Amino acid sequence: MTMIEPDETGRFGDYGGRFIPESLIPACRQLEDAFRAAWADPGFHAELDAMLRDYAGRPSPTTEAKNLSERLGVRVLLKRDELNHTGSHKINNVIGQALLTRHMGKRRIIAETGAGQHGVATATAAAFFGLDCVVYMGEVDTQRQALNVFKMELLGAEVRPVVSGSRTLKDAINDAMRDWVASVEDTHYCIGSVMGPHPYPWMVREFQRVIGDEALVQCRAILDGADPDVVVACVGGGSNAAGIFAGFADTASELVGVQPEGGAAIGRGLPGVVHGSKSLLLQDEEGQVTEAHSVSAGLDYPGVGPEHAHLDAIGRARYETVADAEVLDAFQLLSRTEGIIPALEPAHALAWVMREAGRSIPAGATVLINLCGRGDKDAAQVMGMLKP
Ligand SMILES: *Cc1c(COP(=O)(O)O)cnc(C)c1O
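Report on the accompanying structure.

So, how was this worked out
Residues numbered from 1 in each chain as written. Predicted model: local features only at pLDDT ≥ 70, side-chain atom pairs only at ≥ 80, totals over all residues. Heavy atoms only, no water. Patch = residues over 30% accessible without salt bridge, like charges linked within 9 Å, V, L, I, M, F, W, Y side chains within 5 Å. Areas by Shrake-Rupley, 256 points an atom, 1.4 Å probe, with all protein chains shown as cover. Salt bridge = Lys/Arg side-chain N within 4 Å of Asp/Glu carboxyl O. Buried < 20%, exposed > 50% of the residue type's maximum accessible area, 1.4 Å probe, protein only. Helix = DSSP H or I, 4+ residues; strand = E, 2+ residues; numbered from the N terminus. Contact = heavy atoms within 4.5 Å. Pairing = 2+ DSSP bridges. Axes fitted to C-alpha atoms, helices over the stretch in contact; angles between N-to-C directions. Expected span 1.5 Å × (residues − 1). Arc of directions from axis to C-beta. Polar contact = N/O pair within 3.5 Å; in protein donor to acceptor, adjacent residues only side chain to side chain.

**Some thoughts on a nonpolar patch on the surface**
Okay, step 1: Residues Leu147, Phe150 and Leu154 make up a contiguous nonpolar surface patch of about 360 Å² in total accessible area.
Okay, step 2: On the accessibility criterion, Leu154 (63% relative accessible area) is exposed.

In structure tokens, the structure reads:
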């Protein structure tokens, strides 16, 4: 089996592990024990499944995109995770972690956020479960993402602007970790992607595998028992991709992760430690982390989750890149052909399919795309780019 548990040190091959201050080790151990117990408990799964159904709106459908298929000459299926409450796959993970927070007897949840989407999702789950919520956000990002700051506050969370360093995501991560060291008795640190020290990359993938588990069954129903030839997802930290890949890891489907050209940690990155685990990340000759650049704030991240670095190393998944201009074309094409405005992140996955249909994807092949977010949040930005 391809995507199973990491080894006991949290390694996926050469990647993963726990590269954190000594003071955080007990917190990670406690979390790992709590997650293992919960994940083996049918009662926990029953609660989680009920929340995903009644609050998040799962299962999300898999839709055959007939107009787009005709246009591209390949058969396109869309996994519609943009239909979830709050508009993306992030809710799957935060519901899981918020439920776990309650099972651990904790009443406070903290998170860090860059573009703000994970902060909003965490504040949403905290409101529902009655948890105190603090979100760390670089001061620069609070200015760029003022609407998300307002949403988090509306949902009852406290947003703490981080003024140290470059005042962006990596400084917010440092402050969130510092908070957690001091507050671990009653606080859970909710990480938003398959990043961070063990057990996070594994735990977050397990909370997201519902995407792939549903899609496998739905695709087989549509395809008379067959699996898609290719499964495609965008990769920032890599949680939506890990979630859909997990459902297809043991099939013959080819797995493709699509990164922004300016944030291709797999391909242009080097091994290094970021956010508490070893993976691939963009860095200069001195080993200083360099900034990623993408039209999509949600993919603007210099690292990638360790399991993706491993899937690349063993050749089970393939990682590609697309340029911002291709992403804008894909954003418009899906809107026009299918009446679905995608988020800029999954527009990366679609952009790759548009480019490769009839080339590395043979004509007539079946392609499943993880449509992991809706485009409402991006409409104003794209309007500014298309109609300057
Ligand atoms: C946050 C986000 C991403 C990037 O995160 P992954 O962990 O790579 O999935 C992608 N798409 C959407 C819609 C997001 O909100």
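**Things to note about the environment of Cys372**
Okay, step 1: Topologically, Cys372 is positioned in the loop between strand E14 (366–370) and helix H15 (376–386).
Okay, step 2: Each C-alpha atom, one on Cys372 and one on Gly263, is 19 Å from the other, the two residues being 109 residues apart in sequence.
Okay, step 3: Sequence-distant contacts of Cys372, that is, excluding residues within four places in its chain, are made with Asp81, Glu82, Gly87, Ser88, His89, Cys234, Asn240 and Pro346.

**Regarding the sheet that holds strand E9 (residues 230–234)**
Okay, step 1: In spatial order, the strands read E3-E4-E14-E9-E10-E13; together these six strands make up an open sheet with mixed pairing. Each having just a single partner strand, strand E3 (62–64) and strand E13 (317–322) make up the two edges of the open sheet. Going across the sheet, the axis of each strand differs from the next one's by a mean of 25°, ignoring polarity.
Okay, step 2: Where strand E10 (residues 254–260) meets E13, six bridges bridge the pair, whose relative direction is parallel. For Val258, the partnering residue across the bridge sits in E13 and is Glu320.
Okay, step 3: Contacting E3, strand E4 (75–79) and E14, helix H9 (residues 200–222) crosses the sheet at an angle of about 140° to E4.
Okay, step 4: Relative to the sheet, helix H10 (residues 239–248) contacts E4, E9, E10, E13 and E14, its axis offset from that of E9 by approximately 165°.

**Some thoughts on helix H2 (residues 42–56)**
Okay, step 1: Taking 1.5 Å per residue as the helical rise, H2 with its 15 residues ought to reach 21 Å, and the 20 Å between its terminal C-alpha atoms agrees with that figure.
Okay, step 2: Residues Phe44, Leu48, Met51, Leu52 and Ala56 constitute the buried set of H2. Angular distribution of buried residues about the axis of H2 spans 95°; they occupy a single face of the element. In H2, the exposed residues that point more than 90 degrees away from the buried face are Pro42 and Asp54.
Okay, step 3: Those residues of H2 hidden inside the fold are in contact with helix H1 (25–39), helix H4 (90–103), helix H5 (117–129) and H9.
Okay, step 4: The N-cap of H2, judged by a side-chain oxygen 2.8 Å from the amide nitrogen of Gly43 a few residues on, is Asp41.

**With respect to the environment of Val304**
Okay, step 1: With respect to the element layout, Val304 can be found in the loop between strand E12 (277–281) and helix H12 (306–313).
Okay, step 2: On the basis of relative accessibility, which here comes to 1%, the residue Val304 falls in the buried class.
Okay, step 3: The spacing of Val304 and Glu338 is 34 residues in sequence and 31 Å in space, taken between C-alpha atoms.
Okay, step 4: Residue contacts for Val304: discarding those within four places in its chain leaves Met195, Val235, Gly236, Gly237, Ala265, Ile266, Ser279 and Leu280.

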